[in-house]
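As a plain string of letters, each chain reads:
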Amino acid sequence: MSGDTSILLEIRGRVQGIGFRPVAFRLANELHLRGWVRNDPAGAEIALHGPPAAITRFRQELPRRLPAIAALETIVEKTPPANWPDGFEIRTSASADGPRVAGILPDLATCPECLRDILDPQNRRHRYPFTNCTHCGPRYSMITALPYDRANTTMREFVMCPACAAEYHDPLDRRFHAQPNACPACGPQLEWTAPDGRPLAQRDAALLAAVEALRAGKIVAVKGIGGFHLMVPAHDNAAVQRLRQRKRREEKPFAVMFPSLDAIRAVCNVTAEEQAWLESPAAPIVLLKKRANAEELAKDIAPGLPWMGAMLPYTPLHHLLMRELMFPVVATSGNLTDEPICIDKQEALARLGTIADFFLLHNRPIVRPMDDSVLALCDEEPIMMRRGRGLAPYSLPLPQAADGWVAAGAQMKSTLAVTAGGQAVMSPHIGDLEHEGAARLWADTVADVTGLHGLRPTAAWVDAHPEYASTRQALAWGVPTQAWQHHHAHIAACMAENHLSGPALGIAWDGTGLGTDGTIWGGEFLDCEGRDFRRVAWLRPFPLVGGDQAAREPRRVAWSVWRACELPGLPPGCTAQESAVFDGMLRAGVNVALSSSAGRLFDAVASLLGVCQIMSHEGQSAMRLEALAGDMPATPYPFKLEAGVLDWRPIITAMVQGAEEPALAAARFHETLVAMMVAVAKNVGRADVCLSGGCFQNRRLLAGACRQLRAAGFRVWRHREIPPNDAGICLGQAALAAG
Ligand SMILES: [Zn+2]
Ligand SMILES: [Zn+2]
């Protein structure tokens, strides 16, 4: 028709795997436009031919029709082709050279429509645990290659039945091009087995057997979307204790899956923001404040803590299980403590066979392990503690980055980032690389993430610590490398997340990181601009006696600060004999490291206040101190700031001599740390202050620092999307390399 125009749009962002093409197809048909839509390796392409008004209308309407999870980052107009089909078509994916950077979707929690399907006795998917659609279901855990098509997922081995195929090819159906589409006739199935793998029941009978076993207090390993959970009834303390013994996890809190939001509300306070996260497609574990009647739950779930990790069912399997049970279950990662989560049947039987009494399995393979994500809210914004299932992979624009950079991350709570198409793509949580299994997973993740994007490592950005497994492995590749100081990378991550280039004062507080002077840093104030930093203030260094052991035994740090304050007698948690040994080590300088770590100062205070002498897991003392302080109002202790050195000795002396209630002392300690930050910020005089490092997972510290720094006139920047702990380091390394 005369007056018709043509347009070719290249779309970048999160457009694959969310029903983008069906939405475009339906809209184009409504507007009688000719052309096509197809996925390409970097996103999608739409070609339109028709009246200009209809094309304008299409471009206005398209974003409104897409599900909330979609993100149109850039839309570029290209030269349109000369030939047009008669109508509008969905074409097969284009393959091309160059990096594949289409925003890969994380796994999405079951949508309300699919939940209705599995609960409706008339529906052909009634009680089918693998129901999904273009709005929900597995994504990252089953993708083997890009572009996102069924042939490139672990669903390729399931041939769709005629009914599923009809949905898949019907542009008006919610399951149009839903790559994991399946039903009881053609899709994956459940199996119930003994710990030796002997099959005991199939399909719905398997589900009902799991329900019976959980009712009887058994430990059941359940294969989910990104790996296995170990489940026990949350009200059965004997079962919880048995799980702790077998899993060798003494006190680290367990997460709990609840049948409903009301069931969570019965034992925890839930704010509007917390509810929104619990019910989001990411469905993470959210740390919630326990209510007084949380005693209905086993006391050993989160011992000594006033909060607990709660989540809602996020797959049809979990929904069906929880609806039968109608009580909450502990749902902890299926692994031995600190190992990566199991994903494979044989591996799970081998590794979990001594822990679980039974296995609830299914035959949809999982490509890569994905732990549940964990977050807490502070001032109504998230503190990401772990980005895993539902929140990974995650990418942030880094336009100056070349393709194939690998930012290796650190050692604890390891993640890594790969740059592709001007984005830094951050991997899911990998684990603590001290453990061989996690170090192997780190190497697998490098191959996986670079491979998915069609890249090979072209450069490696590493932590300055030469002994980190990430550093050692990356340096062996023979590509250009550069090491970045740990705390500098923390602040760079915070600046990148908040789009700052500096100058800014970075407050990087955590447990440990190698400093440029060879000592252990962790209570650092860094004046940052571009790629450079200057250490402008720090906590007064103290000796750690016994190296790594000091990081696990708060009483050793307490001994050290006690000595530094020249207090009489001995600190609690340490005998005269031990004290003599520590003295000897200190005099000889054997196995003694100097540290300015804020995390270790938390340890010292936790020991002095009697809440933690030996830690069973990383961060335990700081968590207990935060819990002890609660929201009790308090005034700061005295401290000194001289030539950039923050002297904490007046704090310790006042605390020991004051002999106040431990809760009040803990609250005053938090307030003092905040006052220290304000004092340094005023001295340095930068308008922007960035907060990063594991200590800022402490909600009282983070909220207090934000409030008081703002009250003093500073612009304060914190993390919301990126974890403040070492999982954020990889982004900082990539951002520093990009300049
Ligand atoms: Zn759905
Ligand atoms: Zn089917």
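Residues numbered from 1 in each chain as written. Chains lettered and ligands numbered in written order. Predicted model: local features only at pLDDT ≥ 70, side-chain atom pairs only at ≥ 80, totals over all residues. Heavy atoms only, no water.

Peer 1: Would you mind going over the coordination of the zinc ion (ligand 2) in detail, with residue names and values included?
Peer 2: Ideal coordination angles are 109.5 degrees for a metal with four donors arranged tetrahedrally and 90 or 180 degrees for a metal with six donors arranged octahedrally. All of the protein donors around the zinc ion (ligand 2) are Cys161 (SG), Cys164 (SG), Cys183 (SG) and Cys186 (SG); their distances to the metal are 2.2 to 2.3 Å. Here the zinc ion (ligand 2) binds four donor atoms, and the angle range of 103 to 117 degrees at the metal identifies the geometry as tetrahedral. We note that the donor set of the zinc ion (ligand 2) lies within a single chain, spaced as C-x2-C-x18-C-x2-C. Within this pair, whereas Cys164 is found in helix α4 (residues 162–169), its partner Cys186 is found in the loop between α4 and β6 (190–193), the two being separated by 22 residues in sequence. Taking relative accessible area as the criterion, Cys164 reaches 0% and is therefore assigned buried. Among the residues examined, Cys186 registers a relative accessible area of 10% and is labelled buried. (Donors = N, O, S within 2.8 Å, 3.2 Å for Na, K, Ca; no water. Tetrahedral: all angles 85-135°; square planar, octahedral: opposite > 155°, others 65-115°. Helix = DSSP H or I, 4+ residues; strand = E, 2+ residues; numbered from the N terminus. Buried < 20%, exposed > 50% of the residue type's maximum accessible area, 1.4 Å probe, protein only.)

Peer 1: Describe the sheet that holds strand β16 (residues 381–386), with residues and values.
Peer 2: If you walk across this open sheet you meet the 11 strands as β7-β6-β14-β8-β9-β13-β10-β12-β11-β15-β16, and the pairing is mixed. Edge strands, defined here as strands with exactly one partner in the open sheet, are β7 (199–202) and β16. This sheet shows a mean twist of 35 degrees between the axes of neighbouring strands, independent of strand direction. With three bridges joining them, strand β8 (residues 220–223) and strand β14 (residues 358–362) adopt parallel strand pairing. When the sheet's bridge partners are listed, Ala221 is paired in β14 with Phe359. Against the sheet, helix α10 (residues 345–352) engages β6, β8, β9 (228–233) and β14, with an angle of about 165 degrees to β14. (Pairing = 2+ DSSP bridges. Axes fitted to C-alpha atoms, helices over the stretch in contact; angles between N-to-C directions. Contact = heavy atoms within 4.5 Å.)

Peer 1: I'd like a description of the sheet that holds strand β19 (residues 417–420), backed by residues and values.
Peer 2: Reading across the sheet, the six strands line up as β17-β20-β19-β18-β21-β22 and stay open at both edges, with mixed pairing between neighbours. Of all the strands in the sheet, just β17 (394–397) and β22 (481–484) have a single pairing partner and so form its edges. Within this sheet the neighbouring strands show an average axis-to-axis angle of 20 degrees, counted without direction. Sheet topology places β19 next to strand β20 (residues 423–426); four bridges connect them, and they run antiparallel. Within the sheet, the bridge partner assigned to Ala417 lies in β20 and is Met426.

Peer 1: So what's going on with the environment of Leu321? Which residues, and what values?
Peer 2: Among the secondary structure elements, Leu321 is positioned in helix α9 (residues 316–325). In the structure, Leu321 is positioned 78 residues away from Pro399 in sequence and 45 Å away in space, judged by C-alpha atoms. Those residues in contact with Leu321, other than ones at most four positions away along the chain, are Leu207, Ala210, Val211, Val222 and Met231.

Peer 1: Summarise helix α16 (residues 576–588); cite the residues concerned and give the values.
Peer 2: Three or four residues apart is the spacing at which side chains of an α-helix point the same way, because the helix has 3.6 residues per turn. The terminal C-alpha atoms of α16 lie 18 Å apart, and with 13 residues this matches the ideal 18 Å at 1.5 Å per residue to within 8%. All of the buried residues along α16 are Ser579, Phe582, Asp583 and Met585. The buried residues of α16 occupy an angular sector of 165 degrees when projected down its axis, which confines them to one face. Those residues of α16 that are exposed and aimed more than 90 degrees away from the buried face are Gln577, Arg587 and Ala588. Buried-residue contacts for α16 involve β26 (542–545), α15 (554–564) and β27 (592–595). Immediately downstream of α16, the backbone of Gly589 shows phi near 65 degrees, a positive value. (Expected span 1.5 Å × (residues − 1). Arc of directions from axis to C-beta.)

Peer 1: Residue-level account of the coordination of the zinc ion (ligand 1), with values.
Peer 2: Binding of the zinc ion (ligand 1) to the protein goes through Cys111 (SG), Cys114 (SG), Cys133 (SG) and Cys136 (SG), at separations of 2.3 Å. Seen from the zinc ion (ligand 1), its four donor atoms lie at angles of 101 to 121 degrees, and the figure they make is tetrahedral. Between the donor residues of the zinc ion (ligand 1), the gaps in sequence give the motif C-x2-C-x18-C-x2-C. Residue Cys114 is located in helix α3 (residues 112–119), and its partner Cys133 is located in the loop between α3 and α4; the two are separated by 19 residues in the primary sequence. When its relative accessible area of 0% is taken as the criterion, Cys114 is described as buried. For Cys133, a relative accessible area of 0% puts it in the buried group.

Peer 1: Go over the pattern of salt bridges, please, and point to the residues and values.
Peer 2: Pairs can form between side chains of opposite charge whenever their charged atoms are close. One pass over the full model with this rule turns up 44 salt bridges. The salt bridge involving Arg12 is made with Glu10; its shortest N-O contact spans 3.4 Å. Accessibility expressed as a relative area gives 18% for Arg12, which makes it buried. Here Arg540 makes a salt bridge to Asp647, at a shortest N to O gap of 4.0 Å. Residue Arg540 is located in the loop between β25 (532–539) and β26, and its partner Asp647 is located in strand β29 (residues 645–647); the two are separated by 107 residues in the primary sequence. Judged by its relative accessible area of 25%, Arg540 is partly exposed. Linked through salt bridges whose partners overlap, the residues forming this network are Glu10, Arg12, Asp40 and Lys78. (Salt bridge = Lys/Arg side-chain N within 4 Å of Asp/Glu carboxyl O.)

Peer 1: I'd like to hear about the pairing of strand β24 (residues 520–529), residue by residue, with values.
Peer 2: Within β24, eight of the 10 residues are buried, which leaves it mostly tucked inside the rest of the structure. As defined by bridge partners, β24 adjoins β25 across six bridges and the pair is classed as antiparallel. Following the sheet pairing, Glu529 is matched in β25 by Asp532. Taken together, β24 and the strand that follows it, β25, pair antiparallel across an intervening segment of two residues, in which Gly530 is found at a positive phi of about 55 degrees.

Peer 1: Break down unusual backbone geometry for me, citing the residues and quoting the values.
Peer 2: Here Ala392 and Pro393 are connected by a cis peptide whose omega angle stands at 0 degrees. In this fold, Pro393 is placed in the loop between β16 and β17. The linkage connecting Gly502 with the following residue, Pro503, adopts the cis geometry, with an omega of 5 degrees. Tracing the backbone shows Pro503 in the loop between α13 (486–497) and β23 (504–514). Despite not being glycine, Asp379 shows a phi value in the positive range, around 55 degrees. Taking the relative accessible area as the measure of exposure, Asp379 reaches 47% and is therefore partly exposed. Even without being a glycine, Ala659 presents a positive backbone phi close to 45 degrees. Relative to the elements of secondary structure, Ala659 occurs in the loop between α19 (649–658) and α20 (662–684). The exposed category is assigned to Ala659, whose relative accessible area is 61%.

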